[in-house]
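# Chain and residue survey
What follows is the residue order along each chain.
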Amino acid sequence: MSLNIVVLAKQVPDTRNVGKDAMKEDGTINRAALPAIFNPEDLNALEQALRLKEQHPGSTVGILTMGPPRAGEIIRQGLYRGADTGWLLTDRLFAGADTLATSYALAMAIKKIGHVDIVIGGRQAIDGDTAQVGPQVAQKLGLNQVTYAEEILKIENGRATIRRHIDGGVETVEAPLPVVVTVNGSAAPCRPCNAKLVMQYKRATCPMERTGDEPWSALYDQRPYLTLNQWSVADVEADPEQCGLSGSPTKVKSIQNIVFQAKESRTLTGSDADIEELVTELLNEKIIG
Amino acid sequence: MNNVFVYCETENRTVAEVSQELLTKGRKLADELGVELHAVVAGTDIRNHVEDQILPYGVDKLFVFDGPGLFPYTSAPHTDILVTLFREEQPQICLMGATVIGRDLGPRVSSSLTSGLTADCTQLEIGPYDDSKTGQHYDQLLYQIRPAFGGNIVATIVNPDHRPQMATVRSGVMQKAIYEGSARHETVYPDVTKYVSDEAYVVKVLDRHVEAAKHNLKGASIVVAGGYGVGSKEGFDMLFQLARELHGEVGASRAAVDAGWVDNDRQVGQTGVTVHPKVYIACGISGQIQHIAGMQDAGIIISINTDPDAPINRIADYVITGSVEEVVPKLIKYYKQNSK
């Protein structure tokens, strides 16, 4: 049976290896110092989707993302790896969304896409680490959910068999389609970009990403696949009140660039004398031993 | 009405430690708010087995849902129980563990009730809030405090208008303690079929393996932790050797786990394990907030880093400026020489 697969993917600032320049002097985030990347676990999710597509001929994989126009890059990254299509949810009304408002927008888009068999996303995004959007999308669509997936083992007779991580072990579950699956970072890594697909799609953009004076703009009339789907709040028939900041029950009261209480520390070198003195001191004071 | 609820998770008939830690925290919040602490637990054949593991933490009322299909945990039945119960009971706060179960269940419940949920909180407090947009004042909201943005900032989140205010907290972040005061200790056993429809049991657990934890990082009195500065998987062998000598455990920063040098169950920090050791030896760890959140209560912190300005050095008692591969073998050597 062929499957209609939607992959949820997010463009995130690379918060993993931030240097000292990540924060500005005034305590705000220096976004320029953080490159925007494909959320790592969403790549694991994409790999599971592409494998299903290979196992079930006739299946399609679409990338659904929400963000500013430059997040069109996430759809291109998906197309380069073998996805068939993508949708960018972009609208000022989506801005400032917490996980609940985000999941509402994504759920409305999935309803518009229609007849989806399986929604696959990363377990969580590295800029928030909440792991909430997957289950919330599932709830809003009234679908089953399987979180912390390591591998989608098979889909047969309308049921998915999935191996998932649990605290202290693993379990295998069987869930009827349609189902929302979130994938762990320990699942199989995503395949690299395919050079042919990169050549084919490198000019693919959402209308809002364009300046209008690209030297290749004539191509957009000739090759419809170079125009990516771009949806607003109205396009997905969402209630603006439930989107963005106004649809978010959680409010950020304050943000602090935390300074931990500095201790009076003793500075040592790595010399034999210093280390031996330290070890003897810790032993004498029965701190170790 | 308006009470504090804690969802208690179980493995067979054993209540998770994180749930007991949250009961202790929930009791404090309830006392501050002048309301009751209620607990809810769902499982199979748990009646007369779990009550003693929950009530002593200051629980006024315990809801035990006992029925077939509630263990092993699957999302829908447990969601139905909480959503229906919360519609009846209207709690103001709900806490659950930031475990695989809590992080599966919490968002599903919050989405059903359109209530706000904050994941992986490191502190929970009660305090006032003024909404600058609406001008509305709130006396006693739950401050849900957590590192955000990869641990570079700490955010205080509030849910002004939606109930319950939901938060998940990782194991080890709060400390459990038997409640010294008096609580009502009422226990009720609601009819599960009134809360969960038959269709909720569609996800089947075919196979399940749970192993006892391979290490006791959470309870270790000495932790030797490695970060990106350890440089390699082999570098961690040295850390394991030092930990063995000191009868401690090995921990790691997220960077070292992401690099694949050590198992992710050894990650210390907001999204990993929170430790409270006597001694914490940070080897080549720069000290992002998200890491420090998981180890700042350590008695003595020793930082080994080539960078004298590494952020972790600010909270360290001893700063050794040097490379991990140079310093750690010396620590092992002089410990062996002098400890006899």
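Reading the values: rules and limits
- Residues numbered from 1 in each chain as written.
- Chains lettered and ligands numbered in written order.
- Predicted model: local features only at pLDDT ≥ 70, side-chain atom pairs only at ≥ 80, totals over all residues.
- Helix = DSSP H or I, 4+ residues; strand = E, 2+ residues; numbered from the N terminus.
- Buried ≥ 20, exposed ≤ 12 C-beta atoms within 10 Å, placed from the backbone.
- Contact = placed C-beta atoms within 7 Å.
- Rg over C-alpha atoms; globule rule 2.2 N^0.38 Å.
- Core = buried A, V, L, I, M, F, W, Y, C linked by C-beta atoms within 7 Å.
- Domains from an automatic or database assignment.
- Axes fitted to C-alpha atoms, helices over the stretch in contact; angles between N-to-C directions.
- Parallel < 35°, antiparallel > 145°, perpendicular 65-115°, else oblique.
- Left-handed = near helix turned anticlockwise from the far one by under 90°.
- Pairing = 2+ DSSP bridges.
- Nonpolar A, V, L, I, M, F, W, Y, C, P; charged D, E, K, R; others polar.
- pLDDT = per-residue confidence, 0-100.
- Expected span 1.5 Å × (residues − 1).

## Regarding the overall build of chain A
- Within chain A, the secondary structure is distributed over seven helices and 13 strands.
- Taken along its principal axes, the extent of the C-alpha atoms in chain A is 75 × 50 × 45 Å.
- Counting all 289 residues of chain A, 47% fall into the buried class.
- In chain A, the share of contacts with a sequence separation of at least 24, taken over all contacts with a separation of at least 6, comes to 69%.

## What about the overall build of chain B?
- Along its length, chain B carries eight helices and 18 strands.
- Relative to its length of 340 residues, chain B is compact, with a C-alpha radius of gyration of 22 Å against a globular reference of 20 Å.
- Across its three principal axes, chain B shows a C-alpha extent of roughly 65 × 55 × 40 Å.
- Every one of the 340 residues in chain B was classed for burial, and the buried ones make up 57%.
- Restricting to contacts in chain B with at least 6 residues of sequence separation, those with at least 24 account for 67%.

## Topic: the nonpolar core
- Judged by nonpolar contacts, the single largest core of 192 residues is most densely connected at V7(A), A105(A), I54(B) and C283(B).
- The leading source of residues in this core is helix 3 (residues 99-113) of chain A, at nine residues.
- Looking at which domains feed residues into this core, each of domain 1 (4-202) and domain 2 (222-338) of chain B gives three or more.
- Excluding residues that lie within four positions of it along the chain, V7(A) makes contacts with A45(A), L46(A), A49(A), V61(A), I63(A), L64(A), G78(A), A83(A), I120(A) and G121(A).

## Things to note about the packing of helix 4 (residues 133-141) of chain A against helix 4 (residues 100-113) of chain B
- One way to put it is that helix 4 of chain A packs onto helix 4 of chain B with a least axis distance of 8 Å and a crossing angle of 45°. As the angle between them shows, helix 4 of chain A and helix 4 of chain B are arranged oblique. Of the two elements, helix 4 of chain A crosses helix 4 of chain B, and the hand of that crossing is right-handed. Touching P135(A), Q136(A), A138(A), Q139(A) and K140(A) of helix 4 of chain A are D104(B), P107(B), R108(B), S111(B) and S112(B), all from helix 4 of chain B.

## Details of the environment of D52(B)
- Position of D52(B) relative to the elements: it lies in helix 2 (residues 51-54).
- With 9 C-beta atoms counted inside 10 Å, the residue D52(B) sits in the exposed group.

## Some remarks on the sheet that holds strand 13 (residues 204-210) of chain B
- If you trace the ten strands from one edge of the open sheet to the other, you get 11(A)-5(A)-4(A)-1(A)-6(A)-10(A)-7(A)-8(A)-9(A)-13(B), paired in mixed fashion. Because the sheet does not close on itself, it has two edges, and the strands there are strand 11 (229-231) of chain A together with strand 13 of chain B. Pairwise comparison of adjacent strand axes, ignoring direction, gives a mean angle of 30° for this sheet.
- Two strands pair when backbone bridges link them, and strand 5 (residues 85-89) of chain A and strand 11 of chain A are joined in this way by three bridges, in the parallel orientation. Bridge pairing in strand 11 of chain A links L89(A) to W231(A).
- Here helix 1 (residues 40-55) of chain A sits on the sheet and contacts strand 1 (4-8), strand 4 (60-66), strand 6 (118-122), strand 7 (144-156) and strand 10 (179-183) of chain A; the angle it forms with strand 6 of chain A, its principal contact strand, is near 150°.
- Across the sheet, helix 3 of chain A lies against strand 1, strand 4, strand 5, strand 6 and strand 11 of chain A, angled at about 145° from strand 4 of chain A, the strand it touches most.

## What about the environment of H78(B)?
Residue and element names in this part refer to chain B.
- For H78, the location among the structural elements is in helix 3 (residues 75-89).
- Put simply, H78 and V41 are 37 residues apart on the chain and 9.3 Å apart in space, counted from C-alpha to C-alpha.
- Sequence-distant contacts of H78, that is, excluding residues within four places in its chain, are made with A42, Y73 and L105.

## Here we look at the packing of helix 7 (residues 272-284) of chain A against helix 8 (residues 324-338) of chain B
- For the pair helix 7 of chain A and helix 8 of chain B, the least separation of the axes is 9 Å and the interaxial angle reads 50°. In terms of their interaxial angle, helix 7 of chain A and helix 8 of chain B are classed as oblique. Like other packed secondary-structure pairs, helix 7 of chain A and helix 8 of chain B cross with a definite hand, here right-handed. Contact residues: helix 7 of chain A offers D272(A), I275(A), E276(A), V279(A), T280(A) and L283(A), while helix 8 of chain B offers V327(B), K330(B), L331(B), Y334(B), Y335(B) and N338(B).
- Tallied by class, the residues present in the contact of helix 7 of chain A with helix 8 of chain B amount to seven nonpolar, two polar and three charged.

## Side note on the interface of chain A and chain B
- At the junction of the two partners, chain A supplies 68 residues and chain B supplies 75 residues.
- The set of elements that each furnish at least two residues to the side of chain A that touches chain B consists of helix 3, helix 4, strand 7, strand 8 (159-166), strand 9 (169-176), strand 12 (251-256), strand 13 (266-269) and helix 7 of chain A.
- Looking at which element gives the most residues to the side of chain A that touches chain B, the answer is strand 9 of chain A, with eight residues.
- Taken together, the residues that form the side of chain A that touches chain B break down as 28 nonpolar, 26 polar and 14 charged.
- Across six bridges, strand 9 of chain A lies against strand 13 of chain B in antiparallel orientation.

## A closer look at unusual backbone geometry
- That bond from F71(B) to P72(B) is cis: its omega, -5°, falls within 30 degrees of zero.
- Within the secondary structure layout, P72(B) lies in the loop between strand 5 (61-66) and helix 3.
- Cis geometry is found at the peptide bond from R163(B) to P164(B), where omega equals 0°.
- Inspection of the secondary structure assignment puts P164(B) in the loop between strand 10 (153-158) and strand 11 (165-169).
- With a phi angle near 60°, K286(A) is a residue other than glycine that sits in the positive phi range.

## Quick notes on the confidence of the model for chain B
- Residues with a pLDDT of 70 or more make up 99% of chain B, whose mean pLDDT is 94.
- Taken over the whole predicted complex, pTM reads 0.87, whereas the ipTM for its chain interfaces reads 0.88.

## Quick look at helix 1 (residues 17-33) of chain B
Residues and elements named next belong to chain B.
- The end-to-end C-alpha distance of helix 1 is 24 Å, a good match for the 24 Å that 17 residues give at a rise of 1.5 Å each.
- What helix 1 keeps buried is the set V18, S19, Q20, E21, L22, L23, K25, G26, R27, L29 and A30.
- Looking at the residues trailing helix 1, positive phi occurs at G34, about 70°.

## A short note on the sheet that holds strand 16 (residues 279-283) of chain B
- Pairing within the open sheet is parallel, and its six strands lie in the order 13(A)-18(B)-17(B)-16(B)-14(B)-15(B). For this open sheet the edge positions go to strand 13 of chain A together with strand 15 (249-252) of chain B, each flanked by a neighbour on one side alone. For this sheet, the mean angle separating the axes of adjacent strands, direction not counted, is 20°.
- Pairing of strand 13 of chain A with strand 18 (residues 318-321) of chain B, which is carried by four bridges, proceeds in the parallel orientation. From the neighbouring strand, T269(A) faces strand 18 of chain B, where its bridge partner is T321(B).

## A few points about the domain arrangement of chain B
Residues and elements named next belong to chain B.
- Parsing chain B into structural domains produces domain 1 (4-202) and domain 2 (222-338).
- One C-alpha centre belongs to domain 1, the other to domain 2, and the line joining them spans 33 Å.
- With eleven residues of domain 1 at the contact, the number on the domain 2 side is ten residues.
- Residues of the side of domain 1 that touches domain 2, tallied by class, amount to three nonpolar, five polar and three charged.

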